[in-house]
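Residues per chain are reported as follows:
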Amino acid sequence: MARYVLRRLLTAIPTLFLIVTLSFFLLRVAPGGPFSQERGLSAEVKANLERVYQLDAPLWRQYLNYLADLLHGNFGPSYNLPDFTVADLFRVGLPVSMQLGASALLLALIIGSILGILAALRQNRGVDYGVVALATAGSTIPTFVIAPLYQLVFALTLAWVPVAGWGGGALVNKIGPVLTLALPQIAIVARLMRGAMIEALRANHIRTARALGLTSFSVVVKHALRGAVLPIISYAGPAAAALLTGSVVVETVFAIPGVGRYFVDAALNRDYTLVMGTVVVIAVFVIVFNLLVDLAYALVDPRVRYE
Amino acid sequence: MEATLSPSRSSSDRSPPDSTPLFEVSDLNVGFDTPDGAVLAVRGIHLALHAGETLAVVGESGSGKSQTMMAAMGLLAKNGRATGSVRYRGREILGLKAAALNEVRGAKIGMIFQEPMTSLDPLYTIGNQIAEPLTRHLRLSGRAARQRAVELLTLVGIPDPARRLDAYPHELSGGQRQRVMIAMALAAEPDVLIADEPTTALDVTVQAQIIDLLRTLQRRFGMGIVFITHDLGLARHFADRVAVMRHGLVVEEGPASEVLTAPRAEYTRMLLAAEPTGTKAPPPPDAPIVLEAQRLNVTFRIGGGLFAGPPLVIHAVNNVSVTLREGQTIGIVGESGSGKSTLGRALIRLIEAQGDIRLFGEPVNAIDAQSLRALRRQVQIVFQDPFGSLSPRMTVGEIITEGLRVHAPELDRRARERRAVEALEDVSLDPALRNRYPHEFSGGQRQRIAIARAVILKPRVLVLDEPTSALDRSVQKDIVDLLRRLQGAHRLSYLFISHDLSVVRALSDWIMVMRAGQLVEAGPTDEVFRAPAAAYTRELIAAAFGLDEAHAPAAARA
Amino acid sequence: MSDITVPAAGDAPRPSLSPAAPPPVAKGRSLWSDAWRRLTANRAAVVSAVYLVVMTLACLIGPLVTGHDYTTIYTDYVRVPPSLTPYPKQDQIAGALEDVVKRMRVDLVEWHEQDERVSVTVRSARPVDPRVLRYFERSPSFLDPRIEATAPDGLSMTLSAAVARHYFLFGTDNTGRDLLTRTLIAGRVSLAIGLLAGLTAVLIGVTYGAASGFLGGRVDDVMMRFVDILYSLPFIFLVIMLVVFFGRNFVLMFIAVGAVQWLDMARIVRGQALSIRRQEYVQAAMAMGVSPAGILWRHVVPNTLGPVAVYMTLLVPQVILLESFLSYLGLGVQEPLTSWGVLIAQGSKNIPSANWLLIFPSLFLTSTLFALNFLGDGLRDALDPKDR
């Protein structure tokens, strides 16, 4: 097992390298630069800035420099937020985004699974139709609709929660962002779980368990559910990677100081180092969570063995 | 190690025979709601089982034999409805709530199923799964249950049972899994065992072992067994009484010896007569050789890659030579994994193989794709699965004339249509059906369509890959007759691949026995059956015919 | 796809419909006609399909009949709430009138309304210039101004004008444009983009996936490896880069978005092609000597069409969602053109003062997405009935 993990981590290195290289050049081929657009900078100032940040060096040089810095764990300075290094921004923002993302994921897994199981056990009846409708709604209504509607109802009309802001991480400030993040996930998990449970309950070994007179609880929980969580696990990996690295919409609407906002702004402003830093962080999350998914798979399914 | 299970209840606590049956089905109706309306699968049938007795419920697919027992056990699919009465020792169990039913099923009535590969939960060890009914019904502690599980595994003949407890189902063979299933079903020492085609998915040699095991266990525990099967030979061999079902009705019921020797119902007579009969005369020794292969080898590579190390190499066919003459039928027999299907496909170059293959004397290994395509007209194949071998989105007419587009492009639409009509008539199908789609036909009809598709090109060699295995006996007989007629009419040579020795014996004049990719024995059919040279062939024949050879009355064979 | 429709194990009963004794030259019941029958029996799917047709027609024809152009700015009616009665409201006429009169630099003596026209008497210290009429003409609230009478001294004048009745069923936006018209125009953009990008994705995905699955082996490995790498790049990053490359040309951009969305399609089709290649009917065709192209065309393609159709219906809402997301971020279509995402973004900035700006576009977007999803689900159930 340890050898397997080690090998997976080793094979992740070329993948990461490929992603960094591809993103680096994609970003540089794109027209414009961090100091070129309507900044009202004089040519002299611009040249100076580019020299300071070594953007006047040949591209391959910059690339090698960036790789070397990355190997030393140095993400470089942010061009558009000049007082901060990219690492600083992540140190402050990542915990906030991860906290919200993890809460949302947990909520989604619990509520979504329960709904999915209920729907599967009552297939084609009221509960089932309710869950399916809810799941369709959850995965259809965009977050940028849910978030302002939440503000409209709970903050502006009912005045139960503040409209926006982090509030130092107070619970009332987190409810909106977490719910908004969780709702689509709840919908997807419920749908997946429903399908997987229906499939699992149809399996021949469930018929065996019933024929043996095992209790309904044992049939459903011990035999059907364990097989049905496999698709949920595969889904949860990439979902976790996406949720923990923040959401542009939620962080913008609720004015949350996470890292989700950085990506779009940075890409539009050609804040090269910040974009690259975000790409690397997301890629690492994806790689780690994919590995965790595979390990969890082996834990649940004895037919999967890693050497 | 001898099992130390208590030899069950003494006969005193069994109810006296003939008073109250142990297990009784009366006036049972089973229906299903389908998108095409309600379908009645079982229509008011009566069945009774007494202690220590074996009742065989015999019927073809769609007869309702399985659904009867599923209904009795409360295992119907969600769209199923059952009415009537099912009683265990006089107590009504049909329509019980799950909690109450669960005190009976598994505890008093055990059941085993047809699919050994999927009937065990793949995620738990077999020890865990056998322990479940023990803790559930006998209230054993974890330790005691484990102890008992070892005894049960010993009882059903699993070697090294203590260690096997920690194995997962996928680590066992099909036969072993079925033994584990039996152990689980018997764990709580039920009075009734319902066995739903328990040996159908297994190889013949394993089949014989499982039947022996069931018989031994029955003698030992005095259970009543309901044995659901489509195989009259098995029923004759194993059952005390036989009920023959058709279209949801019991058409005949009585002692096995009577029903299977002097059947009263027309349908039973037809079923008995459906056992393949006859023999095939060999072609004249100077008949031209149509297909010849020398030392054929097929290997498969599984896995492997830059990081994964060397691939696993499987030798599916190992140095096998074949000579097929005009008008000859070679039967290739063997159990699953013997390489017989691979050999058939390699011979017509659907699979790449090493070795020398000659078709009508011409080597076909090295020819280019174009010439190979032209040659394909001469050699056609019919597959086992009549559901998978017809393209689901094409009409029957389109399916059978597809080959003509390649080999007779000069034909126009009407000419092709005329050929399609001829071909359908050739296989005794109504040509008016040619605009229908495959899913509108039954299995036997589909197999006729597959044969029509092959013969429309007027080939000289036909590879038949288990063409009758997925079909009911009565349909099988029709297909066998059809194949015989076509062979006579078109001077065809057959390579007949099958695991079913009785069909092979009826159809072929030469036999090749394969095992694990190697040729075990080859020779004229009657010689091989009369005096098999290899031990494996003897084992196969004993497993297939040994059962009924002793009992088989001449009448049934005639 | 058997004639046995009962999913239970063992020997399932066969429905009694037997094709054994048919009428002469029987007409076949193809899988497509079966699927069509199941689809039309699915009420949610039918309602959704009808809804989508109505929505499309509304977006196409609607802007022509609302009486407003989507770029017209009504300065008098900035951010007015939705109403079934026309603007100006009774109490607003006075305000509008006073406004006009003030611009004329004259004093209002008296006004009254009669037969949809207002009659105004004004007076001034200096003679009233008849050209003041043009202030009425400029006001969007009044039409057809006329001078009814001028006092002999020229110091007072009676004018009349028709009151312009404007319906703003959905209200107006921040700059005073009719929200209904803009929502319908936005619908055109969103639906067109959804179809365009969806088609692009399907076209690339099907070709790539079918080729990869059908060719198999090494080629398949390499092609799928490439898809994997694209997958591991953050999606939004790719899209932003595309936006940067293609500028704000939305047609080009959404062809590009389609070119990103094809990955799933390629995987699905590849999986299908791989499994079809193993089917015995394909082997039978090979044994008959049918060429690879013939197999691809007659066997592989028809059997992948079902999943492709389903995926396409589910892809369109995804693309619409993506478009509105990009527009929401300010990366999509530019003013004065608009899309649902743009409208929602503007609406969410105005929730305290004008919540209809959020509510109506959201309603249009989500109901359309709903309908597309239900239709897609219905299509899947119809083509693959074993799931329900």
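Residues numbered from 1 in each chain as written. Chains lettered and ligands numbered in written order. Predicted model: local features only at pLDDT ≥ 70, side-chain atom pairs only at ≥ 80, totals over all residues. Heavy atoms only, no water.

This part takes up the overall build of chain A. Helix and strand counts for chain A stand at 12 helices and 0 strands. What you see in chain A, going N to C, is helices and strands ordered as α-α-α-α-α-α-α-α-α-α-α-α. With respect to the principal axes defined by its C-alpha atoms, chain A has extents near 85 × 60 × 30 Å. A buried classification covers 50% of the 307 residues belonging to chain A. Across chain A, every contact between residues at least 6 apart in sequence was considered, and the portion connecting residues at least 24 apart equals 75%. Counting every atom, chain A has about 13,800 Å² of accessible surface; 69% of that belongs to carbon and sulfur. In chain A, 23 positive and 15 negative side-chain charges are present, and the distance between their average locations comes to 16 Å. (Helix = DSSP H or I, 4+ residues; strand = E, 2+ residues; numbered from the N terminus. Buried < 20%, exposed > 50% of the residue type's maximum accessible area, 1.4 Å probe, protein only. Contact = heavy atoms within 4.5 Å. Areas by Shrake-Rupley, 256 points an atom, 1.4 Å probe, with all protein chains shown as cover. Lys, Arg positive; Asp, Glu negative; His and termini not counted. Charge placed at Lys NZ, Arg CZ, Asp CG, Glu CD.)

With that settled, the discussion passes to the layout of surface pockets. Here the second largest pocket is characterised by a volume of approximately 700 Å³. Considering the residues around the second largest pocket, the lining is formed by 24 residues, among which B:Leu350, C:Phe214, C:Arg277, C:Val282 and C:Met286 are closest to the centre. Mapped by element, the contributors of at least two residues to the lining of the second largest pocket are α12 (369–375) of chain B together with α6 (217–232), α8 (250–278), α9 (280–287) and α10 (292–328) of chain C. Partitioned by chemical class, the residues of the lining of the second largest pocket number 11 nonpolar, 5 polar and 8 charged. (1 Å grid on protein atoms, 1.4 Å probe; cavity = no way out; pocket = protein on both sides within 12 Å on 5 of 7 lines; lining within 4 Å. Points joined across faces, edges and corners; volume = space filled by probe spheres on them. Nonpolar A, V, L, I, M, F, W, Y, C, P; charged D, E, K, R; others polar.)

Backbone-to-backbone hydrogen bonds pair the strands of a sheet. The strands run either parallel or antiparallel. Residues and elements named next belong to chain B. Here 4 strands make up an open sheet; going across it, the order is β2-β1-β4-β5 and the pairing antiparallel. Among the strands making up the open sheet, the edge pair consists of β2 (37–49) and β5 (91–92). In the packing of helix α1 (residues 65–72) onto the sheet, the strands contacted are β1 (23–34), β2 and β4 (80–88), and the crossing angle to β1 comes to about 105°. (Pairing = 2+ DSSP bridges. Axes fitted to C-alpha atoms, helices over the stretch in contact; angles between N-to-C directions.)

Next up on the list: the pairing of strand β8 (residues 224–229) of chain B. Residue and element names in this part refer to chain B. In terms of burial, β8 is largely enclosed, as 6 of its 6 residues are buried. Where burial is concerned, the two faces of β8 agree: the one with Gly224, Val226 and Ile228 and the one with Ile225, Phe227 and Thr229 are both buried. Note that strand β3 (residues 54–58) and β8 share 5 bridges and pair parallel. Its bridge partner lying in β8, valine 58 is registered against threonine 229. Crossover strand β7 (residues 192–196) to β8 through helix α7 (residues 204–221) is right-handed. (Right-handed = clockwise from strand over helix to strand, strands pointing away.)

The next subject is the sheet that holds strand β9 (residues 241–246) of chain B. All names here are of chain B. Reading across from one edge, β6-β7-β8-β3-β9-β10 is the order of the 6 strands in this open sheet, with mixed pairing throughout. Edge positions in the open sheet fall to β6 (109–112) and β10 (249–255), since each of these has one partner strand only. Going from strand to strand, the sheet's axes swing by 15° on average, the running direction of each strand aside. Most of the contacts of helix α6 (residues 174–186) go to β6, to which it runs at about 170°, and overall it touches β6 and β7.

Between chain C and chain A, the contact holds 37 residues from the first and 43 residues from the second. Taking both partners together, chain C and chain A bury about 3,400 Å²; carbon and sulfur atoms supply 79% of that area. Across the contact surface, chain C and chain A share 1 salt bridge. Residues C:Asp377 and A:Arg191 are paired through a salt bridge, measuring 3.1 Å at the closest nitrogen-oxygen approach. Counting across the interface, chain C meets chain A through 1 residue pair in polar contact (both at pLDDT 80 or more). Of all the secondary structure elements, the ones that give two or more residues to the side of chain C that touches chain A are α6, α7 (235–246), α10, α11 (340–349) and α12 (356–383) of chain C. The biggest single contributor to the side of chain C that touches chain A is α12(C), with 11 residues. In the side of chain C that touches chain A, the residues fall into 25 nonpolar, 7 polar and 5 charged. (Buried area = accessible area lost by both parts, 1.4 Å probe. Salt bridge = Lys/Arg side-chain N within 4 Å of Asp/Glu carboxyl O. Polar contact = N/O pair within 3.5 Å; in protein donor to acceptor, adjacent residues only side chain to side chain.)

Residues and elements named next belong to chain B. Taking burial as the measure, the 5 residues of β7 include 5 buried ones, the bulk of the element. Residues of β7 alternate between two faces, with Val192, Ile194 and Asp196 on one and Leu193 and Ala195 on the opposite face, all of them buried. Relative to β7, β6 runs parallel, the two sharing 4 bridges. From the neighbouring strand, isoleucine 112 faces β7, where its bridge partner is alanine 195. Bridge count for β7 against β8 is 5 bridges, and the pairing is parallel. Bridge pairing in β8 places aspartate 196 opposite isoleucine 228.

This paragraph deals with the UniProt feature "domain: ABC transmembrane type-1" (unreviewed entry) in chain A. As recorded in UniProt, the feature "domain: ABC transmembrane type-1" (unreviewed entry) lies at residues 94–293 of chain A. Between the end C-alpha atoms of residues 94–293 of chain A the distance is 22 Å, and the span holds 82% helix and 0% strand. (UniProt positions renumbered as here; feature names shortened; annotations may be inferred.)

Here we take up empty space enclosed by the protein. If you roll a probe as big as a water molecule over the atoms, it shows you where there is empty space left. Tallied over the full model, the rule gives 10 cavities of 30 Å³ or more. Estimates place the volume of the largest cavity at around 110 Å³. B:Leu291, B:Leu347, B:Ile348, B:Arg349, B:Ile357, B:Leu359, B:Val364, B:Leu372, B:Leu375, B:Arg376, B:Val379 and C:Ala287 together form the lining of the largest cavity. Elements represented by at least two residues in the lining of the largest cavity include exactly β14 (354–359) and α12 of chain B. Looking at the lining of the largest cavity residue by residue, the classes come out as 10 nonpolar, no polar and 2 charged.

Per the UniProt record, the feature "transmembrane region" (unreviewed entry) sits at residues 44–65, 189–211, 231–260, 281–297, 309–333 and 354–375 of chain C. A distance of 30 Å separates the end C-alpha atoms of residues 44–65 of chain C, which is 100% helix and 0% strand.

Next up on the list: the domain arrangement of chain C. Taken domain by domain, chain C comprises domain 1 (90–163) and domain 2 (179–383). A straight line from the C-alpha centre of domain 1 of chain C to that of domain 2 of chain C covers 58 Å. (Domains from an automatic or database assignment.)

Here we take up the environment of B:Ser338. Residues and elements named next belong to chain B. Within the secondary structure layout, serine 338 lies in the loop between β13 (329–333) and α11 (340–347). Considered as a pair, serine 338 and glutamine 218 are 120 residues apart in the sequence and their alpha carbons are 33 Å apart. When neighbours within four sequence positions are excluded, serine 338 is seen to be in contact with Ala316, Met514, Arg515, Ala516, Gly517 and Gln518.

Attention now moves to the packing of aromatic side chains. All names here are of chain A. Tallying each qualifying case throughout the model produces 15 aromatic pairs over all chains. Note on phenylalanine 75 and phenylalanine 90: the rings are 6.4 Å apart at their centroids and 50° apart in plane angle, and the pair reads as tilted. Placement of phenylalanine 75 in the loop between α3 (59–71) and α4 (86–121) and of phenylalanine 90 in helix α4 is noted, with a sequence separation of 15 residues between them. A relative accessible area of 9% places phenylalanine 90 in the buried class. Counting every residue linked through ring pairs, the aromatic cluster contains Phe24, Phe25, Tyr63 and Tyr66. (Phe/Tyr/Trp six-rings, centres within 6.5 Å; stacked < 30°, edge-to-face > 60°.)

Looking now at the packing of α4(A) against helix α12 (residues 272–300) of chain A. Residue and element names in this part refer to chain A. One way to put it is that α4 packs onto α12 with a least axis distance of 11 Å and a crossing angle of 45°. As far as their axial angle goes, α12 and α4 are oblique. Considering the relative orientation of α4 and α12, their crossing is right-handed. Touching Val86, Leu89, Phe90, Leu94 and Met98 of α4 are Thr273, Leu274, Gly277, Thr278, Val281 and Phe285, all from α12. By residue class, the composition of the contact of α4 with α12 is 8 nonpolar, 3 polar and no charged. (Parallel < 35°, antiparallel > 145°, perpendicular 65-115°, else oblique. Left-handed = near helix turned anticlockwise from the far one by under 90°.)

For the rest of this paragraph, the subject is the UniProt feature "transmembrane region" (unreviewed entry) in chain A. All names here are of chain A. Those places that UniProt annotates as "transmembrane region" (unreviewed entry) correspond, in this numbering, to residues 100–121, 128–150, 170–190, 239–260 and 272–300. Its end C-alpha atoms 26 Å apart, residues 128–150 is made of 91% helix and 0% strand. Along residues 239–260, the helical share is 59% and the strand share 0%, with 15 Å between the first and last C-alpha atoms.

Formed by 138 residues in total, the largest nonpolar core has its most connected members in A:Phe144, A:Val275, C:Ile240, C:Trp262 and C:Trp340. One finds A:Met197, A:Val219, A:Ala228 and B:Val180 within the second-largest nonpolar core, a separate group that totals 94 residues. (Core = buried A, V, L, I, M, F, W, Y, C linked by side-chain atoms within 4.5 Å.)

Those residues of helix α10 (residues 266–273) of chain B that sit buried are B:Tyr267, B:Thr268, B:Leu271 and B:Leu272. End-on, the buried residues of α10(B) take up no more than an arc of 135°, which puts them together on one face. (Arc of directions from axis to C-beta.)

Across all of its chains, the model carries 36 salt bridges over all chains by this definition. One salt bridge connects A:Asp294 with A:Arg8, and the closest N-O pair in it is separated by 2.4 Å. Residue A:Asp294 is located in helix α12, and its partner A:Arg8 is located in helix α1 (residues 2–29); the two are separated by 286 residues in the primary sequence. Residue classification places A:Arg8 among the partly exposed residues on the basis of a relative accessible area of 22%. When the shortest N-O distance is used, the salt bridge between B:Glu151 and B:Arg148 registers 3.9 Å.

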